[in-house]
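Residue strings, one per chain:
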Amino acid sequence: LSRRIAVPQTGDELQRMAQAWNDVLGRLDVAVERIRQFTSDASHELRTPLALIRATAELALRRERNTEGYRTSLRQIEHEAEYMTALTESLLTLARADSGGLGMTMRSTDLNELVHSVVQQNAALAIEKGVTLRVGTTGPAGQAAYATADASGIGRILLILVDNAIKHTPAGGSVTVSATAARARVTLAVEDTGEGIPEAALPHIF
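Residues numbered from 1 in each chain as written. Predicted model: local features only at pLDDT ≥ 70, side-chain atom pairs only at ≥ 80, totals over all residues. Heavy atoms only, no water.

1. Let's talk about the nonpolar core
Side chains of a nonpolar character, in soluble globular proteins, are inclined to be buried together. Under the convention used in this document: In plain words, nonpolar cores are sets of buried Ala, Val, Leu, Ile, Met, Phe, Trp, Tyr and Cys residues tied together by side-chain atoms within 4.5 Å. To sort residues, take the accessible area from a 1.4 Å probe on protein chains only and compare it with the maximum for the residue type: under 20% means buried, over 50% means exposed, and anything in between is partly exposed. A run of H or I in DSSP becomes a helix once it reaches four residues, and a run of E becomes a strand once it reaches two; helices and strands are each numbered from the N terminus. Contact criterion: two residues are considered in contact whenever any of their non-hydrogen atoms come within 4.5 Å of each other.
Ranked by internal contacts, the top residues of the largest apolar core, which has 25 residues, are Leu133, Ile166 and Val177. For this core, the elements supplying multiple residues, two or more each, are α1 (13–62), α2 (67–96), α3 (111–121), α4 (123–129), α5 (151–167) and β4 (174–182). Among residues more than four places away in sequence, those in contact with valine 177 are Val115, Val119, Leu133, Arg134, Val135, Gly136, Leu158, Val162, Ala189 and Val190.

2. Quick word on the packing of α1 against α5
Spelled out, the test is: Axis geometry follows a simple rule: fit a line to the C-alpha atoms, using only the stretch in contact for helices, then measure angles between N-to-C directions, giving values from 0 to 180 degrees. The cut-offs work like this: below 35 degrees is roughly parallel, past 145 is roughly antiparallel, 65 to 115 is roughly perpendicular, and the gaps in between are oblique. By definition, turning the near helix anticlockwise from the far helix through less than a right angle yields a left-handed crossing, and turning it clockwise yields a right-handed one. For this classification, Asp, Glu, Lys and Arg are treated as charged, while Ala, Val, Leu, Ile, Met, Phe, Trp, Tyr, Cys and Pro are nonpolar and the rest, including Gly, are polar.
Contact geometry for α1 and α5: axes closest at 10 Å, N-to-C directions at 65 degrees. The pairing of α1 with α5 is recorded here as roughly perpendicular in orientation. Between α1 and α5 the crossing geometry is left-handed. For the pair formed by α1 and α5, the contact residues are His44, Glu45, Arg47, Thr48 and Leu52 on the first element and Arg156, Leu159, Ile160, Asp163, Asn164 and Lys167 on the second. Here the residues of the contact of α1 with α5 sort into three nonpolar, three polar and five charged.

3. Some details on the pattern of salt bridges
Our working rule: Salt bridges, as used here, are contacts in which a Lys or Arg side-chain nitrogen is within 4 Å of a carboxyl oxygen on Asp or Glu.
Evaluation of the coordinates by the stated rule reveals six salt bridges. Here arginine 54 makes a salt bridge to glutamate 58, at a shortest N to O gap of 3.3 Å. Of this pair, arginine 54 and glutamate 58 are both found in helix α1, four residues apart, which corresponds to roughly one turn of the helix. Looking at glutamate 58, the relative accessible area reads 33%, which means it is partly exposed. The residue lysine 167 makes a salt bridge to aspartate 163 at a minimum N-O spacing of 3.6 Å.

4. Some thoughts on the pairing of strand β5 (residues 185–192)
Applied cut-off: At least two DSSP bridges between two strands are required for those strands to pair.
Bridging between β4 and β5 involves eight bridges; their strand directions are antiparallel. Counterpart to threonine 176 in the pairing with β5 is glutamate 191.

5. So, α5
For the α-helix, the turn length of 3.6 residues means that residues three or four positions removed from each other point alike. The line we're drawing: For a helix, the expected span equals 1.5 Å multiplied by the number of residues minus one.
Between the first and last C-alpha of α5 there are 24 Å, a value that for 17 residues agrees with the 24 Å anticipated at 1.5 Å per step. Within α5 the residues assigned to the buried category are Ala151, Gly153, Gly155, Arg156, Leu158, Leu159, Ile160, Val162, Asp163, Ala165 and Ile166.

6. Considering the sheet that holds β4
One open sheet holds the three strands; their spatial order is β2-β4-β5, and the pairing between them is mixed. Since the sheet does not close on itself, it has two edges, and those belong to β2 (132–135) and β5, each with one partner. Direction aside, the axes of adjacent strands within the sheet are offset by 10 degrees on average. With four bridges connecting them, β2 and β4 associate as parallel partners. Paired with arginine 134 across the two strands is threonine 176, which belongs to β4. Strand contacts of α3: β2, β4 and β5, with the helix running at about 170 degrees to β4, the strand carrying the most contacts. The strands touched by α5 are β2, β4 and β5; relative to β5, the strand with the most contacts, the crossing angle is about 25 degrees.

Set out below in structure tokens:
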């Protein structure tokens, strides 16, 4: 679909037909690329909550727990299922959007609170892998780090980054997630003691 036919500069029906055919190929190329991108996005983003649900269920079944212990695990699974539902709706909206963009709800968000939530969500995965997952202490305990952001989108990014960090950190290592507010700017960081990203891959990350 990336190939095009030569357009003869004859000023007649043949030239117009060749241009029209190339336009059709161009639109098909864009449509197929969107399908590929949607498939990639969906598989990548759904993998993390599915892994969290599996890890939470396996930990709950590994040994006998009291009623409240099982309730806590079921609440976590319910939370991830709700997240997957919202994520699926967002992905479908993205797939239908002619522009390829997705409307974001921008509002004042405490990113420190978001960091704590993401760390809690990934706790079961970290335990299963033997990795220490913690919130970074970059400021006073409990200090808010507000920014105007789309909380759902930032949360998805953090989940993917933390999932990758845990996956590429050997047992006994650690993953630290932090939100630091300084000079009217909030910096989010996911740091790990794993193998790192190959230098050749760095230009393609974003």
